[in-house]
Amino acid sequence: VDHVDRAIRISVANGTLTVRYQVQLSERAALMQFQRMDTNADGVVSSEERSAFFDAFQLELCQQLQVELAGKALVLKPDGAAKLLPQCRQVFNFSAPVADLKSGRHAGRLLDSYSRSFPGAYRWDGPKTPGTDGPQVLVAEAPKMHDTDGHPSVLQIKFDVVMP
């Protein structure tokens, strides 16, 4: 099993919850991705093959992230193309509309089923502008592995959205 380091940031603005999900693959895992990308087996990954692979991977990853906010399940959708960074890092953005949240604290939870198959270190990537007048997303409980109906554990992040 290849371990995958991940950094997750959740933000709320303009009636939308956004999840920024960054993975850092091992070199072996990245090479395995290249093999899967090269669908015509010519030894070269074309931009079309790369785009098709990451579009499909982003959809698969999206289906493995479950978010609840204020007691309601949110339906995440990919938000833009995957961004490839040095050191085998990949960034994916997902978003979901949120109902008009009233002023106050709203409990949320993210379950990361991708972590079941690809465990690894996790880092909360907090807000880039703490202390602003807008909504804040704060970790409510230390992230932990969550057992889902007898299946191997998945990463669970409990957070609060604080609306001004």
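In short, a report on the structure. (Residues numbered from 1 in each chain as written. Predicted model: local features only at pLDDT ≥ 70, side-chain atom pairs only at ≥ 80, totals over all residues. Heavy atoms only, no water.)

A few points about the pattern of salt bridges
Right, so step 1: Overall, the coordinates contain five salt bridges when judged by the stated rule.
Right, so step 2: Ionic pairing is found between D125 and R9, a salt bridge with its closest N-O pair at 2.9 Å. With D125 in the loop between strand 9 (122-124) and strand 10 (136-148) and R9 in strand 1 (residues 5-13), this residue pair connects regions lying 116 residues apart in the sequence. The burial state of D125 is the same as that of R9; both residues are buried. (Salt bridge = Lys/Arg side-chain N within 4 Å of Asp/Glu carboxyl O. Helix = DSSP H or I, 4+ residues; strand = E, 2+ residues; numbered from the N terminus. Buried < 20%, exposed > 50% of the residue type's maximum accessible area, 1.4 Å probe, protein only.)

Brief notes about helix 1 (residues 27-37)
Owing to its 3.6 residues per turn, the α-helix aligns residues three or four sequence positions apart on the same side.
Right, so step 1: Residues of helix 1 that are buried: A29, A30, Q33 and M37. Taken down its axis, helix 1 places every buried residue within 100 degrees of arc, on the same side. Turned more than 90 degrees away from the buried face of helix 1 sit E27, L31 and Q35, all of them exposed.
Right, so step 2: For helix 1, the elements touching its buried residues are helix 2 (47-63) and strand 7 (89-97). (Arc of directions from axis to C-beta. Contact = heavy atoms within 4.5 Å.)

Some remarks on the nonpolar core
Right, so step 1: Counting 34 residues, the largest nonpolar core has L17, V19, L76, F94 and F159 as the members making the most contacts within it.
Right, so step 2: Excluding residues within four positions of it along the chain, F94 makes contact with L17, T18, V19, Y21, Q58, L61, C62, L65, L76, K77, P78 and D79. (Core = buried A, V, L, I, M, F, W, Y, C linked by side-chain atoms within 4.5 Å.)

Any functional reading would require information that these geometric values do not contain.
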